[in-house]
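# Residue-level structural notes
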Amino acid sequence: MGQVYVSNHPLVQHKLTILRDINTEPKRFRELLREITWLLLYEATRDLAVEEKQVTTPLGTAVGVQLTEDIAFCPILRAGLGMIEPALELIPGAQVWHIGIYRDHKTLKPIEYYTSLPKKATAQVAIILDPMLATGGSAVMAGTLLKGIGVPRIKFVGIIAAPEGLEKLRNSHPDIDVFVAAVDKYLTPEPQKPGDPPAGYIVPGLGDAGDRQFGTS
Ligand code: PRP
Ligand code: URA
């Protein structure tokens, strides 16, 4: 069974609080998303394999390590786009496999509209990047696509999960490690009256992660 890591790091929680704030503008939102992704990936990459490597310093020889596994970052469009740059800052040699999935507004079911995966896995570790794990449909589909090309190890890095989505991902792909900054309370139900929010949004969450990054609505 894979692990579920919910960060309680003060930096992560401080930044997450500003990220959630309705008054946080897209520019600041993108900066915070980038910073939190960086901090979560620090944990998510803790078990990457390394081999010994010697380097010559100005004063002698140092025995260190180098990463030995090929890594692929897999952002789910659109909201995962803001997580690619910090990921590539940490591992510049990683591949990026874009996965285009959106939720149908009525059914909340995931719809795949674009993927750029290799035919056969060219990385040993794939890290799915998506800020929001709501019903879990998008993350489950991404995991299934990655397993379909034979990726041996898959991780999910997100910002906020709903309990419902976390359970669905764990049931469908128990082997996928999950790293998030928070597990929130619940998902909004079907609206009952005008003014109610649409169904399937994380409460308290942060709203629509794509819209908040890119200034759309
Ligand atoms: C959001 C989010 C996830 C998905 C999560 O994307 O970025 O991909 O919803 O919901 P789920 O767990 O219920 O599948 P959205 O479908 O709004 O697409 P967008 O990023 O292109 O706006
Ligand atoms: N997608 C989002 O961007 N936010 C939610 O709360 C749920 C799905």
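This section reports on the structure supplied with the text. (Residues numbered from 1 in each chain as written. Chains lettered and ligands numbered in written order. Predicted model: local features only at pLDDT ≥ 70, side-chain atom pairs only at ≥ 80, totals over all residues. Heavy atoms only, no water.)

### Some points on the site of ligand 1
Put simply, the rule reads: Proximity is defined per residue: any heavy atom of the residue falling within 4 Å of a molecule or strand makes that residue near it. Pairing of N or O atoms within 3.5 Å defines a polar contact, subject to two protein rules: one partner must be a possible hydrogen donor and the other a possible acceptor, and residues neighboring in sequence count only if both atoms are side-chain atoms. In short, Shrake-Rupley with a 1.4 Å probe defines the accessible areas, and a residue's cover is counted only from the protein chains shown. Elements are defined by DSSP. Helices are runs of H or I of four residues or more, strands are runs of E of two residues or more, and each kind is numbered from the N terminus. Any residue that is not Ala, Val, Leu, Ile, Met, Phe, Trp, Tyr, Cys, Pro, Asp, Glu, Lys or Arg is counted as polar, Gly included; the first ten are nonpolar and the last four charged.
Surveying the vicinity of ligand 1 reveals 15 residues, the closest of which are R103, D130, T135, G136 and S138. In this structure, an oxygen atom belonging to ligand 1 sits 2.8 Å away from a side-chain N or O atom of R103. In the model, an oxygen atom of ligand 1 is placed 2.8 Å from a nitrogen or oxygen of the A134 main chain. The protein chains hide 89% of the 500 Å² of surface that ligand 1 would expose on its own. Counting residues per element, the ones that place at least two in the shell around ligand 1 are β4 (71–77), β6 (99–103), β9 (132–133) and α4 (137–148). Across the shell around ligand 1, the residue classes break down as seven nonpolar, four polar and four charged.

### Side note on helix α1 (residues 10–20)
How we decide: Any residue under 20% of the maximum accessible area for its type is buried, any over 50% is exposed, and the rest in between are partly exposed; the area is computed with a 1.4 Å probe on protein chains only. Directions from the helix axis toward the C-beta atoms define the arc.
Those residues of α1 not exposed but buried are V12, K15, L16 and L19. For α1, the angular spread of the buried residues around the axis is 105°, confining them to a single face. In this structure, α1 carries P10, H14 and T17 as exposed residues pointing more than 90 degrees from its buried face.

### Looking at the environment of W38
Here is the rule: In what follows, a contact means two residues having at least one pair of non-hydrogen atoms within 4.5 Å.
Mapped onto the fold, W38 is located in helix α2 (residues 26–44). When its relative accessible area of 37% is taken as the criterion, W38 is described as partly exposed. Sequence spacing of W38 and E89 is 51 residues, and the spatial spacing of their C-alpha atoms is 8.5 Å. If we skip the residues at most four places from it in the chain, W38 touches P86, E89 and L90.

### Section: the site of ligand 2
Close contacts around ligand 2 come from R103, M132, A134, G200, Y201, I202, G207, D208 and A209, and that covers them all. For ligand 2, an oxygen atom lies 2.8 Å from a polar atom in the backbone of I202. Between ligand 2 and G207 there is a distance of 2.8 Å, counted from a nitrogen atom to a backbone nitrogen or oxygen. Protein coverage of the free-state accessible area of ligand 2, which is 240 Å², stands at 89%. Tallied by class, the residues present in the shell around ligand 2 amount to five nonpolar, two polar and two charged.

### Observations concerning the packing of aromatic side chains
Definition in use: In summary, the pairing rule links any two rings of Phe, Tyr or Trp, Trp by its six-membered ring, whose centres are within 6.5 Å, and it sorts them by plane angle into stacked for under 30 degrees, edge-to-face for over 60 and tilted for everything else.
Applying the stated criterion across every chain yields a total of two aromatic pairs. Between Y5 and F179, the ring centres sit 5.7 Å apart and the planes meet at 45°, which makes this aromatic pair tilted. Placement of Y5 in strand β1 (residues 4–6) and of F179 in strand β12 (residues 177–180) is noted, with a sequence separation of 174 residues between them. On the basis of relative accessible area, Y5 is assigned to the partly exposed category, the value being 22%. Residue classification places F179 among the buried positions, given a relative accessible area of 1%. Ring geometry for Y102 and Y113: centres 5.7 Å apart, planes at 45°, overall tilted. Pair noted here: Y102 is in strand β6 and Y113 is in strand β7 (residues 110–115), with a separation of 11 residues, a long-range link.

Treat this as a map of the structure, not an account of what it does.
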